[in-house]
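Coordinate analysis (summary)
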Amino acid sequence: MDAHPDPRPTHRPDQPFDLALPAGRSRLPLDRPFSREEARRAGVERRALERLLEQGELVRLMRGVYAAAALVDVPAVRVAAVSLAAGRAEDAVVVDRTAAWLHGVDVAGWEQGPVPLDLRRRTPSPRGRSGPGWEDRDLVRRGPLVVTSALRTAVDLGRGGPEAFAAAALDRLLRVGALRHTELLAELARWSGRTGAVRLRELAAGADGRAATAGESVLRLGWHRAALPTPAPGLLVRAGDRLVRLALGVADRQFGAVLSGQLDRGEVATGDLARLTDQGWRVVVLREDRVLHEDPALWGAHLVREFHQQLLAQVG
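Since the model is a prediction, treat every value here as computed from it, not as a measurement. (Residues numbered from 1 in each chain as written. Predicted model: local features only at pLDDT ≥ 70, side-chain atom pairs only at ≥ 80, totals over all residues. Heavy atoms only, no water.)

Some points on the nonpolar core
In this structure, Leu-28, Phe-34, Leu-58, Met-62, Trp-101, Leu-102 and Leu-184 are the most contacted members of the largest nonpolar core, which totals 51 residues. Here this core gets 7 residues from one element, more than from any other, and that element is helix H7 (residues 163-175). Ignoring anything within four residues of it in the chain, the contact list for Phe-34 reads Leu-28, Pro-29, Ala-39, Leu-49, Leu-58, Gly-64, Val-65, Tyr-66, Ala-67 and Leu-84. Counting residues in hydrophobic clusters, the runner-up holds 16 residues, among them Leu-228, Leu-248, Val-250 and Val-291. (Core = buried A, V, L, I, M, F, W, Y, C linked by side-chain atoms within 4.5 Å. Buried < 20%, exposed > 50% of the residue type's maximum accessible area, 1.4 Å probe, protein only. Helix = DSSP H or I, 4+ residues; strand = E, 2+ residues; numbered from the N terminus. Contact = heavy atoms within 4.5 Å.)

Written out as structure tokens, the structure is:
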């Protein structure tokens, strides 16, 4: 079977990318992803390559695949990088984390390293399927690659693998427009009774493209598990003459949470939090790394205690 063509423009890996590139003296192909072997042939040995990585001029996209830092967020560069990493795997389908990356999910931040290469073999069956449960609509083509569609990628991640990453990936796919919430919910019936269907249903029901970062997605997941009132993601609250965006908030209880990254990026200022406190709000600041990597039961219990304190303050 043929995968559905992707409507977005693709790029041939043998063509240069039309981008402004950093000046450099090496002969590295800085207009496209390249392999460690290509760098060696260009006269750049491993130590020099590592130095360019440390200086931020290059990034390691995948194991053994590098690119100029300016190219990281270019969709065609991601396709070219996966093509280079996969080699001549003509019968392979790009799945799971790698497929999520091609659909716009930030995978490298979760892996603490380069993006992994997740491939599965495509073996046509007598019933017209093309692998483990794949139907024609489950696969799309990105340049030379066959990739699970954004919908099928969301389903696969929702059914298995790390739950926090799955929640963040579903939110991101919604946020970038690769997926619609209605189509995700409509897909649930197909997977009823299968492995991971219960978790998929829970994650799909709670998925929300208003989450701006992975930390906000995981925060919302832990918030729901703590049985707190349903929050509004990205709630805008007026603090004096400024609008402040809370990661999560419950307007009628004047309770919310922001992540430390919002303060680091200047999205929320300490003065904003002080003004909200004066207006009767209780806003909890949580470290983003704690939310992403710590047991959610711990920081979830902290949120619950703070919420109860707010209730007591409002009634008494």
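Now that the structure has been shown, we can carry on.
As for the sheet that holds strand S12 (residues 248-250)
Strand order in the open sheet formed by 4 strands is S9-S12-S13-S14, with mixed pairing between adjacent strands. The outermost strands of the open sheet, each flanked by one partner alone, are strand S9 (232-233) and strand S14 (282-286). Judged from the 2 bridges that link them, S9 and S12 form a sheet pairing that is antiparallel. Pairing of Pro-233 across the sheet is with Leu-248, part of S12. The sheet contacts of helix H10 (residues 214-225) involve S9, S12, strand S13 (255-259) and S14, and relative to S13 the element is tilted by about 145°. Sheet contacts for helix H14 (residues 296-315): S13 and S14; angle to S14, the most-contacted strand, approximately 165°. (Pairing = 2+ DSSP bridges. Axes fitted to C-alpha atoms, helices over the stretch in contact; angles between N-to-C directions.)

Describing unusual backbone geometry
Of note in the backbone geometry, Ala-227 takes a positive phi value of approximately 60° without being a glycine. One can find Ala-227 in the loop between H10 and S9. You can call Ala-227 exposed: its relative accessible area is 68%. Although it is not a glycine, Gln-254 adopts a positive phi angle of roughly 50°. Relative to the helices and strands, Gln-254 is located in the loop between S12 and S13.

Things to note about helix H2 (residues 46-54)
Along H2, the residues classified as buried are Leu-49, Leu-52 and Leu-53. Considered in projection along H2, the buried side chains sweep an arc of 105° and stay on one side of the axis. Exposed and facing more than 90 degrees away from the buried side of H2 are Arg-47 and Glu-54. Count one or two residues on from H2 and you reach Gly-56, which has phi positive near 80°. (Arc of directions from axis to C-beta.)

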